[in-house]
Amino acid sequence: MFKNAPEHVLEAILKIYTRLTRKSTRTACRKIIRNFITQNQHRIVCKPKTGRILPDPVGKVFNLGEIYNNLNSEYFSGNLDIHITWSHKPNKRLMGTWKDTGSEKNLIRINRLLDAKKVPSYYINYLVYHEMLHEVFKQRVVNGRVQRHPKEFRKLERNFPLYQKACKWQKEHLD
Ligand SMILES: [Zn+2]
């Protein structure tokens, strides 16, 4: 969008990144940039998605596909139909993700950091189960707030046989 932007817009961009610029000038610059963005929004064209390429669910230690299939038949009567794989990169904060929108729709990702021998398989099983529950409950908006883990979700999660053990391991090793 900014490739062919006029000089005064580019100048405004430089100015807001300079600490020496006065606050009032920065405010004026932001206005110039915002106007430019509004007028040129149409220049951003998203490339159509050509089938996503996912990393292999078979990791060095854990086979997520196998874990998912076993959980699906044992706890969900084989009813779930989603994809699972590892995250591209290890993540320091998120152990697993489930998305119901965008290009990652119906996809569970488990943190690649956990594909390691020191991680017990019951913990991975618990994580995958947790993300699978998201597929069952989806996201709900109650009183204007997004509920990712409604009561029924938490109840089922607690009843998962490996829950306590997994929580304990998580607390001891990932806190
Ligand atoms: Zn969750």
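Residues numbered from 1 in each chain as written. Predicted model: local features only at pLDDT ≥ 70, side-chain atom pairs only at ≥ 80, totals over all residues. Heavy atoms only, no water.

Let's talk about the sheet that holds strand 2 (residues 96-99)
For the record, the criterion: Should DSSP find at least two bridges between two strands, the strands are taken to pair. For the purposes of this entry, the term helix denotes a DSSP run of H or I that reaches at least four residues, the term strand denotes a run of E that reaches at least two, and both are numbered from the N terminus. Every axis in this analysis is a line fitted to C-alpha atoms, fitted for helices over the stretch in contact. Angles between the N-to-C directions lie between 0 and 180 degrees.
Read across the sheet, three strands follow the order 1-3-2 without closing on themselves; strand pairing throughout is mixed. The open sheet has two edge strands with one neighbour each: strand 1 (83-86) and strand 2. Recorded for the sheet is a direction-independent mean angle of 20° between the axes of neighbouring strands. Sheet topology places strand 2 next to strand 3 (residues 107-110); four bridges connect them, and they run antiparallel. Looking across to strand 3, one finds that W98 is bridged to I108.

Quick word on the coordination of the zinc ion
Let me state the cut-off plainly: The donor definition counts N, O and S atoms within 2.8 Å of each metal and applies 3.2 Å to Na, K and Ca; water is not among these atoms, so some sites may look incomplete. The cut-offs for exposure are 20% and 50% of the maximum accessible area for each residue type, with area from a 1.4 Å probe on protein chains only; residues under the lower value are buried, those over the upper are exposed, and the others partly exposed.
Distances from the zinc ion to its protein donors, H130 (NE2), H134 (NE2) and H149 (NE2), fall within 2.0 to 2.1 Å. Mapping the donors of the zinc ion onto the primary sequence yields the spacing H-x3-H-x14-H. Separated by 19 residues along the polypeptide, H130 in helix 4 (residues 121-137) and H149 in the loop between strand 5 (145-147) and helix 5 (151-159) bring together distant segments of the chain. Given the relative accessible area of 31%, H149 is considered partly exposed.

Some points on the side chain of H134
Definition in use: What qualifies as a polar contact is a pair of N or O atoms within 3.5 Å, subject to a donor-acceptor requirement within protein and to the restriction that residues adjacent in sequence count only when both atoms come from side chains. In what follows, a contact means two residues having at least one pair of non-hydrogen atoms within 4.5 Å.
When you line up the elements, H134 lands in helix 4. Among the polar contacts made by the side chain of H134, one reaches the side chain of H149 at a distance of 3.2 Å. Setting aside chain neighbours within four positions, we find H134 in contact with W98, R148, H149 and F153.

Regarding the domain arrangement of the protein chain
Our working rule: Throughout, the edges of the domains are those of an automatic or database domain assignment.
According to the domain assignment, the protein chain consists of domain 1 (7-43) and domain 2 (64-174). Just the C-alpha atoms count here: the centres of domain 1 and domain 2 sit 43 Å apart.

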